[in-house]
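Given next are the chains, with one letter for each unit.
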Amino acid sequence: MAASIWPEIKNVRDEKRHELVLHGADISRRIDSGGVDDSLFLLEHLNLLEIFKTTLKELPHSVGQLSNLTSLVLHSNQLTAIPDEIGKLTKLKLLDLSFNQITSVPKDLDKLVNLETLNLGSNRLELFPDNVFESMVNLHVVDLSHNQLTDLPEDVMSPNLEHLLKLQAQDNGIERIPDGIANLISLKHLDLSNNALKEIPPEMSECSKLKELFLKGNKLKDRRLMKLIDQCHAKSVMDYLANLRKKELEKSGGKGAGKGASKKQKKKSKVDDEVADLGKNVMEVLHFQDDRSLNVKCSESVLEVRPYILCCVVKGLDFLKSSNMFKGFISLQNKLHEEICDKRHTATIATHDLKSVMHPLLYDARSPVEVKLVQLFKHKSTSAARLVTKLREEAEAERKAKKRNTFSGIHKYLNLLNGFKKFPFIFDAEDDVISFPPITNCEKTKITQETTDLLIEVTSTVSLDTCKSVMEALLTGMLNMGCGSVNKSEETADEEGVQKLTIEQVKILNPEGQLKVVYPSRTDLSGDQYRVIRDYD
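Given the structure is predicted, the values throughout are model-derived calculations rather than measurements.

(A) View of the packing of helix α6 (residues 325-338) against helix α8 (residues 464-481). Across the interface, α6 lies against α8 with an axial gap of 10 Å and an inter-helix angle of 155°. With respect to their mutual orientation, α6 and α8 come out roughly antiparallel. As for the relative orientation of α6 and α8, their crossing is right-handed in sense. In contact with M325, G328, F329, L332, Q333 and L336 of α6, α8 contributes A473, L474, G477, M478 and M481. Looking at side-chain class alone, the contact of α6 with α8 contains eight nonpolar, three polar and no charged residues.

Take a look at the structure:
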């Protein structure tokens with residue numbers, strides 16, 4: 001035990017707080033000299049414990065005494081193993097052990113029956129004990145990415161995991177997908193990119209809610225499927241797998257359309273599909289114009305900080321259609337930040353009134369001391385460094401007032417900047433900052449109920465595919481809300497009430513000024529609940 005109780009632990013004990021966060025160089029020095037203070041494990045009232053970015057190599061067995069923990073966050077340490085006693089933490093809903101050096105997990109992990117999020121990404125895992133996942137009936141998110149797995153745990157496909165929404169296992173050496181993937185009836189996001197897969201089971205097509213599918217970086221035998229995957233077109237991949245599945249069922253005598261379907265039936269089916277399409281909402285995509293369309297140039301320095309960005313313009317919006325339309329749009333962004341953006345850890349959305357955007361734009365990383373900006377809903381310019389300091393001071397004051405360690409509002413995103421000497425910014429043609437991801441956008445391009453044309457920006461530290469998924473989710477949400485226009489392109493009475501969202505492409509340029517990506521491209525926007533009309537088809 002340490003010579004004296006750590007002050008952070010003493011404060012939590014004396015103030016009867018339920019949350020404790022320990023991180024940084026000073027904590028590492030204490031761990032190196034005497035280990036974790038044993039007093040920590042007497043705080044049985046704790047609900048949240050975070051120890052991250054330290055030299056912690058071993059989690060004491062006493063962790064099992066913290067029986068009221070609902071969140072245990074131990075990412076970015078030097079852990080090599082997890083004690084069996086972790087199975088005593090049966091109230092856990094979140095367990096984050098990512099970015100360590102863990103080689104195996106205990107069998108007792110299966111006792112965490114209330115777990116909703118399990119993050120074991122970026123470790124050295126090679127295999128799992130049998131039947132660890134089968135009892136975790138409340139799992140929503142599983143992250144096994146960046147390990148050394150050659151097999152996915154068989155029971156991660158258990159029908160008991162009916163709430164599983166997101167499964168990530170990219171950057172391993174996984175050779176096959178276990179049978180039963182169709183059991184994951186709620187699965188929306190699956191990332192198995194950069195593995196050693198040779199085949200994709202056709203039954204995956206039965207995962208009806210699966211919209212985000214990442215399979216690049218595998219050497220599949222089916223070249224046609226490989227081509228569809230390389231085009232990042234999830235719907236086309238699922239349709240192709242569905243066709244293979246249909247053939248499997250026909251071959252085995254299962255249920256499915258027979259080869260003897262008449263030409264008349266097929267023709268009727270095609271006509272029915274076309275009529276059904278006419279009733280769908282419309283995404284209209286306008287091709288960029290080289291002489292006047294908006295583009296964003298990326299600098300070399302920003303590629304090291306927050307490398308992925310997508311933008312597009314949405315035109316002809318009407319937030320005045322109803323009294324709640326604008327409020328609903330803001331709520332949509334907030335919801336996506338919490339869910340698909342994983343509380344801004346994977347991506348951040350920013351929106352700008354296009355009439356106030358002076359382009360071309362520059363996406364750059366600079367020292368926060370040198371950059372001045374006017375924060376959203378403020379009128380006074382301040383340096384980015386001072387803004388962050390002020391927000392941290394506000395967060396600390398709020399924490400003390402409410403006797404807790406978690407933050408709310410914009411303050412909870414400040415840790416996303418930790419460790420960076422330069423911060424990412426988007427500058428307009430007048431060298432004014434219009435966006436400071438992932439923290440805030442700026443007053444200059446603030447949107448209002450009167451905004452009709454919108455520049456949308458999505459940035460990420462994870463991948464371009466992540467940006468695309470977030471952007472499509474936002475555009476689909478806007479279309480379904482009805483904040484676009486009523487489609488009048490079809491001269492039929494049935495078209496009344498069909499909504500249309502008009503989207504103009506935006507080009508992202510590399511540091512040399514060459515085209516890096518354009519959004520939306522021909523392979524983007526693949527939802528089957530709407531139809532896409534492109535003015536360049």
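(B) Broad picture of the side chain of H189. Note on placement: H189 falls in strand β8 (residues 189-191). Side chain to side chain, H189 and E212 meet in a polar contact 2.7 Å long. Those residues within four positions of H189 in sequence are excluded, and the remaining contacts are L165, K166, L167, Q168, L210, E212 and F214.

(C) Expanded view of the environment of L43. Note on placement: L43 falls in the loop between α2 (25-34) and β2 (48-52). Judged by its relative accessible area of 3%, L43 is buried. Once the C-alpha coordinates of L43 and K16 are considered, the two residues, 27 residues apart in sequence, prove to be 8.9 Å apart. Leaving out residues up to four positions away in the same chain, L43 has contacts with I9, V12, R13, L20 and L66.

(D) A look at the pattern of salt bridges. Within the structure shown, the criterion is met by 22 salt bridges. With its nearest N and O atoms 2.6 Å apart, the salt bridge here joins E206 to R245. Of this pair, E206 sits in the loop between β8 and β9 (212-214) while R245 is found in helix α4 (residues 234-251), placing the two residues 39 residues apart along the sequence. Taking relative accessible area as the criterion, E206 reaches 39% and is therefore assigned partly exposed. Ionic pairing is found between R366 and D431, a salt bridge with its closest N-O pair at 3.7 Å. Residue R366 is found in strand β14 (residues 361-366), and its partner D431 is found in the loop between β17 (423-427) and β18 (433-436); the two are separated by 65 residues along the sequence. For D431, a relative accessible area of 45% gives the class partly exposed. Salt bridges sharing common partners tie together E8, D26, R29 and R30.

(E) Highlighting the sheet that holds strand β6 (residues 141-143). Taken in spatial order, the nine strands make up an open sheet running β1-β2-β3-β4-β5-β6-β7-β8-β9, and their pairing is parallel. Because the sheet does not close on itself, it has two edges, and the strands there are β1 (19-23) and β9. Across the sheet, the mean angle from the axis of one strand to that of its neighbour is 5°, orientation sign disregarded. Here three bridges tie strand β3 (residues 71-73) to strand β4 (residues 94-96), and the two strands are oriented parallel to one another. Considered in β4, the bridge of V73 is made with D96.

(F) Expanded view of the pairing of β17. The buried fraction of β17 is high, at five of five residues. Here β17 shows a buried face lined by F423, F425 and F427 and a second buried face lined by P424 and I426. Bridging between β14 and β17 involves five bridges; their strand directions are antiparallel. When the sheet's bridge partners are listed, D364 is paired in β17 with F425. Judged from the two bridges that link them, β17 and β18 form a sheet pairing that is antiparallel. By the bridge assignment, I426 is partnered in β18 with S435. Between β17 and the antiparallel strand that follows it, β18, lie five residues; D431 among them carries a positive phi value of about 65°.

(G) Inspection of the nonpolar core at higher detail. The biggest cluster of nonpolar side chains holds 74 residues, and the ones touching the most others in it are L40, L95 and F133. Elements with a minimum of two residues in this core: α1 (7-15), β1, α2, β2, α3 (223-230) and α4. If we ignore the near neighbours within four places in the chain, the residues touching F133 are L118, F128, L139, V142, P153, D155, V156 and L161. Within the second largest apolar cluster, 52 residues are counted, among which are M283, I309, L317 and V357.

(H) Structural view of α3. Along α3, the residues classified as buried are L225, L228 and I229. One side of α3 holds all its buried residues, which, seen down the axis, span an arc of 100°. In α3, the exposed residues that point more than 90 degrees away from the buried face are R223, R224 and K227. Residues of α3 that are buried in the fold lie against α4. Capping of α3 at its N-terminal end is provided by D222; its side-chain oxygen lies 3.2 Å from the backbone amide nitrogen of R224.

Here is what the cut-offs are and how they apply
Residues numbered from 1 in each chain as written. Predicted model: local features only at pLDDT ≥ 70, side-chain atom pairs only at ≥ 80, totals over all residues. Heavy atoms only, no water. Axes fitted to C-alpha atoms, helices over the stretch in contact; angles between N-to-C directions. Helix = DSSP H or I, 4+ residues; strand = E, 2+ residues; numbered from the N terminus. Parallel < 35°, antiparallel > 145°, perpendicular 65-115°, else oblique. Left-handed = near helix turned anticlockwise from the far one by under 90°. Contact = heavy atoms within 4.5 Å. Nonpolar A, V, L, I, M, F, W, Y, C, P; charged D, E, K, R; others polar. Polar contact = N/O pair within 3.5 Å; in protein donor to acceptor, adjacent residues only side chain to side chain. Buried < 20%, exposed > 50% of the residue type's maximum accessible area, 1.4 Å probe, protein only. Salt bridge = Lys/Arg side-chain N within 4 Å of Asp/Glu carboxyl O. Pairing = 2+ DSSP bridges. Core = buried A, V, L, I, M, F, W, Y, C linked by side-chain atoms within 4.5 Å. Arc of directions from axis to C-beta.

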